[in-house]
Amino acid sequence: MNMRSLTRGDGVVIGAAVVLFIASFLNLSSYECPPGINCSNYSAPNAWDALSLLMSVFLGGIIAAALVVVGRTMPSRKVLGFELGQFGAAFSVFVLWTAFWTLIDASNAGASLILGLLGAVLLAVGAVGTPLIPALKAPLMGAPSPAPQAVQSPYGGQPQAAGQGYGYPGAQQQPYGAQPGQPQAYGAQPHAGQSQAGQPQGGQPQAGQAHAQAGHSQAGQPQGGAPAGDFAPFWFAVPVARPLYGEDGSPSPIAELAPGTWYLAVEQRGSALVAQTQDGRRGVLQDTTGIQRG
């Protein structure tokens, strides 16, 4: 469950659930004590004394809020073929409908019904309006800045600071195929000081080796030094939650990219990107507007 996928609209939904929970303990009706009568022992009923009202408005609203939030953080979960967020949004409209007509029908509405209607309005606005209102689409929590830490270099090399290795967000990216510490274009011939694959590091070739190397072409490198492509993998973050579709073109999303998390773009297909999540899943990000490159 990725909490950074929550939006401001989800925050409104959570706040509405808290309001409904508090309202369920308040008086359903208001009353005035007649003069000369001791009303200290009189206790007005609350929502917990009316089961139908409790389940349809107060607890129903809390359940609707839970479905919306869980559906946002776990988009692959479904109930009866519907996504949890869709099911929760429909439930929130029913809660608002019931709370409105219950308040209209009450002769002496108490604080519970009034506050309950307010919470139902907030719940419906947050659940239904989040996909429609840009202000509610904004992430609830911003993306954290990568903390510097030591990164162990492969093959027993010296540790280096985070942000200096290939692919780390904010680092200077090295072209694919370049030697560590010496950026060069993909497919370019190695410099004279660089050792070839399979030769000891730091050793100077003997005369016989120099003649042997002169007779052989550089294995595993494109002829002519032509670049293999203009695209280089990079890290990016999305401004709002966006679906990630399968590479086979299926219409159902396989994952949801959440704001505040870095993802790796491994391929470009027109205006779309093939992205890889932290758990290794790959898919196509069709909407790339406003992404933040690392």
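Keep in mind it's a predicted model, so treat the numbers as computed, not measured.

**Here we look at the packing of helix H2 (residues 51-73) against helix H4 (residues 111-129)**
- Packing of H2 against H4 leaves a shortest axis separation of 11 Å and a crossing angle of 30°. By the criterion of interaxial angle, the relationship of H2 to H4 is roughly parallel. When the axes of H2 and H4 are compared, the crossing they make is left-handed. Contacts from Leu 53, Phe 58, Gly 61, Ala 64, Ala 65 and Val 68 of H2 reach H4 at Ser 112, Leu 113, Gly 116, Leu 123 and Ala 127.
- Split into classes, the residues belonging to the contact of H2 with H4 amount to eight nonpolar, three polar and no charged.

**Some remarks on the pattern of salt bridges**
- A full pass over the atoms with the stated rule returns six salt bridges.
- Arg 72 is paired through a salt bridge with Asp 10; the nearest N and O atoms lie 3.2 Å apart. One end of the pair, Arg 72, is in helix H2; the other, Asp 10, is in helix H1 (residues 8-23), and 62 residues separate them in sequence.
- Residue Asp 10 is classed as buried on the basis of its relative accessible area, which comes to 0%.
- One salt bridge connects Glu 267 with Arg 269, and the closest N-O pair in it is separated by 3.4 Å.
- With a relative accessible area of 31%, Glu 267 lands in the partly exposed category.
- Relative accessible area serves as the criterion here: at 36%, Arg 269 is assigned to the partly exposed category.
- Counted as one network, the salt bridges with shared partners bring together Glu 247, Glu 267, Arg 269 and Arg 282.

**Re H4**
- For H4, with 19 residues, the first-to-last C-alpha span of 26 Å sits near the 27 Å given by 1.5 Å per residue.
- Contacts from the buried residues of H4 go to H1, H2, helix H3 (84-105) and helix H5 (134-137).

**A word on the nonpolar core**
- Val 13, Leu 53, Val 57, Phe 58 and Leu 123 are the most contacted members of the largest nonpolar core, which totals 24 residues.
- Within the residue set of this core, elements represented by two or more residues are H1, H2, H3 and H4.
- Element by element, the count of residues in this core is highest for H2, at eight residues.
- Sequence-distant contacts of Phe 58, defined by excluding residues within four places in its chain, comprise Leu 20, Ala 23, Ser 24, Ala 47, Leu 53, Ser 112 and Gly 116.
- One finds Phe 234, Ala 255, Ala 265 and Ala 275 within the second-largest nonpolar core, a separate group that totals twelve residues.

**Considering the pairing of strand E10 (residues 282-285)**
- Relative to E10, strand E9 (residues 272-276) runs antiparallel, the two being bridged by four bridges. Pairing of Leu 273 across the sheet is with Leu 285, part of E10.
- Linking E9 back to E10 in an antiparallel pair, the connection comprises five residues, with Gly 280 at a positive phi of about 95°.

**Brief notes about a nonpolar patch on the surface**
- Residues Ile 14, Val 18, Phe 21, Ile 22, Phe 25, Leu 26 and Trp 48 make up a contiguous nonpolar surface patch of about 630 Å² in total accessible area.
- By relative accessible area, Ile 22 is classed as partly exposed at 46%.

**A closer look at the pairing of strand E5 (residues 234-237)**
- Looking at chain direction, E5 and strand E8 (residues 263-269) are connected through three bridges and run antiparallel. By the bridge assignment, Phe 234 is partnered in E8 with Ala 265.
- Across two bridges, E5 lies against strand E11 (residues 292-293) in antiparallel orientation. Across the sheet, the residue bridging to Ala 237 is Gln 292, located in E11.

**Re H1**
- Look at H1: 23 Å from first C-alpha to last across 16 residues, which is about the 22 Å you get at 1.5 Å a residue.
- Within the span of H1, buried status applies to Gly 9, Asp 10, Val 13, Ala 16, Ala 17, Leu 20 and Ala 23. Projection of H1 onto a plane perpendicular to its axis shows the buried side chains occupying an angular sector of 140°, all on one side.

**Concerning the confidence of the model for the chain**
- Residue-level pLDDT values for the chain average 74, and 68% of them are 70 or greater.
- Taken as a whole, residues 145-168 scores under 50 in pLDDT and shows 32 contacts with residues more than four places along the chain or in a different chain.
- Here residues 171-228 is modelled with pLDDT under 50, and outside its nearest four sequence neighbours on either side it reaches 45 contacts, counting other chains as well.

**Brief notes about the environment of Leu 244**
- On the secondary structure map, Leu 244 appears in strand E6 (residues 242-245).
- Residue classification places Leu 244 among the buried positions, given a relative accessible area of 0%.
- C-alpha separation for the pair Leu 244 and Gln 286, spaced 42 residues apart in sequence, amounts to 7.6 Å.
- In this structure, Leu 244 is in contact with Pro 253, Ile 254, Ala 255, Leu 257, Ala 275, Thr 277, Arg 282, Gly 283, Val 284 and Leu 285, ignoring residues within four places of it in sequence.

Definitions and cut-offs
- Residues numbered from 1 in each chain as written.
- Predicted model: local features only at pLDDT ≥ 70, side-chain atom pairs only at ≥ 80, totals over all residues.
- Heavy atoms only, no water.
- Axes fitted to C-alpha atoms, helices over the stretch in contact; angles between N-to-C directions.
- Helix = DSSP H or I, 4+ residues; strand = E, 2+ residues; numbered from the N terminus.
- Parallel < 35°, antiparallel > 145°, perpendicular 65-115°, else oblique.
- Left-handed = near helix turned anticlockwise from the far one by under 90°.
- Contact = heavy atoms within 4.5 Å.
- Nonpolar A, V, L, I, M, F, W, Y, C, P; charged D, E, K, R; others polar.
- Salt bridge = Lys/Arg side-chain N within 4 Å of Asp/Glu carboxyl O.
- Buried < 20%, exposed > 50% of the residue type's maximum accessible area, 1.4 Å probe, protein only.
- Expected span 1.5 Å × (residues − 1).
- Core = buried A, V, L, I, M, F, W, Y, C linked by side-chain atoms within 4.5 Å.
- Pairing = 2+ DSSP bridges.
- Patch = residues over 30% accessible without salt bridge, like charges linked within 9 Å, V, L, I, M, F, W, Y side chains within 5 Å.
- Areas by Shrake-Rupley, 256 points an atom, 1.4 Å probe, with all protein chains shown as cover.
- Arc of directions from axis to C-beta.
- pLDDT = per-residue confidence, 0-100.

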